[in-house]
Structures are given as structure tokens and as C-alpha cells.
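# Fold and contact review
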Amino acid sequence: MDNILLVDGYNVIGAWPELRSLKDTDFAKARDILIEKMAEYQAFTGCRVIIVFDAHMVAGMEKKAKNYKVEVIFTRENETADERIERLASEYKNVNTRIFVATSDYTEQWVVFAKGALRKSSRELKVEMDDIEKRIERKVKKARERNFSSISLSEEVAEIFEKWRRGQK
């Protein structure tokens, strides 16, 4: 079964303490950190991640991009992230796909639940992400201890390989 996680970007930024405090000083950085964390989530879980941001925070027309293999959508003008998420939940709904929606907007949770998606609060996603980061850290530590490679890698080369693993350039 395929899993898709639809993330209400600005809702999650407003709910995660470290992103909420950062958004007041550097909104773009808060957005970038969320995208990076969701790339980790996607790489670890194998779940397809789509982050939806309201267009009112970014001027211009609808924009779609892939950052770190995560799909990022800025809604078109006069379209909310909630509306786009509801439409995506309906579009992707089928017997072979399980859809999760991450938002703390209670009304939105019920609307997408009625469309067949599973609800996940921003706090639940944060707890899950924290756990994933700890598990990744343990795996990396174990791999370094075992030293699977007979070739010794410098920190710089190891960093490059890690970026490739994450889908970064």
C-alpha cells in the first residue's frame, strides 16, 4: 500500500516550537527547515510527502517544486492550503493509497477525515519526526562504528554522501 502525507505547511510551522520562534525572524528559513525535516521523514518512512503552503505568504501565481524529493506546492491566489489539501486528498484516494493529513486545524482534520484521509496533528508529526531523527542518528552511529567500508572517509566526503542520500545536490 502506498502512503501519502499531505502537510499543511504554515500550520505545522506555527505548531512546532523551534519553527514558530524562527518564523518571526526568518520566515523562509523556517519553511526550508520544515522541508528538510519532511525530506528526512520521506527518506526514512518511504511515505510520499507533499507540503502545501498558502499563497498569501508568497506573492504570485501557483507554484510547484520538488525540494529534496519532497513535493512543495504554493497555492494559487485566493486558494487556501486547506482547499488544496482537500482536493489532493480526494484526487489520491483509492484502495491502494493511504492518505495522512498533518494539520492542527480541527475543522480541516474532520473535513479530510470525511474524504477518507487519516488525521495527524502537527504535534503528532513533531513527536514522530523527533523519533525518526533519533533513530537515524543511532543508525549512522552504528554504521560508523562498524565501518562497513574499508576506505576511510573524511568528514567532508561523508557529508557529501549524506547529501546525496537525502537527494540534495
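Quick note: structure is the one above.
Here's a quick rundown of the structure. Starting from 1, residues in each chain are numbered consecutively following that chain's sequence as written. Under the rules for a predicted model, residues below a pLDDT of 70 receive no local features and side-chain atom pairs below 80 are neither given nor counted, while totals for whole chains, interfaces and linings still include all residues. Values shown for side chains rest on all heavy atoms present in the structure; no hydrogens or waters enter the calculation.

This brings us to the pairing of strand E1 (residues 2-8). Most of E1 is tucked away: five of the seven residues are buried. DSSP calls a pair of strands paired once it identifies at least 2 bridges connecting them. Helix and strand labels come from DSSP, where a helix needs a run of H or I of at least four residues and a strand needs a run of E of at least two; each type is numbered from the N terminus. Summarising the sheet, E1 and strand E5 (residues 97-102) pair through six bridges and their orientation is parallel. Looking at E5, one finds that Leu-6 is bridged to Val-101. Pairing of E1 with strand E2 (residues 48-53), which is carried by five bridges, proceeds in the parallel orientation. Each bridged residue has a counterpart across the sheet, and for Asp-8 the counterpart in E2 is Val-52. Partly exposed describes any residue whose relative accessible area lies between the buried limit of under 20% and the exposed limit of over 50%, with all areas from a 1.4 Å probe on protein chains only and scaled to the type maximum.

Between the first and last residue of a helix there are one fewer steps than residues, each counted as 1.5 Å, and that sum is the expected span. Across its 12 residues, helix H7 (residues 155-166) extends 16 Å between first and last C-alpha, which sits within 8% of the 16 Å expected from 1.5 Å per residue. Just downstream of H7 lies Gly-167, where phi reads positive at about 85°.

Our focus in this paragraph is the environment of Gln-109. Among the secondary structure elements, Gln-109 is positioned in helix H5 (residues 106-114). Measuring from C-alpha to C-alpha, the distance between Gln-109 and Ser-121 comes to 8.2 Å, with 12 residues separating the pair along the chain.

Read these as geometric descriptors, not functional statements.
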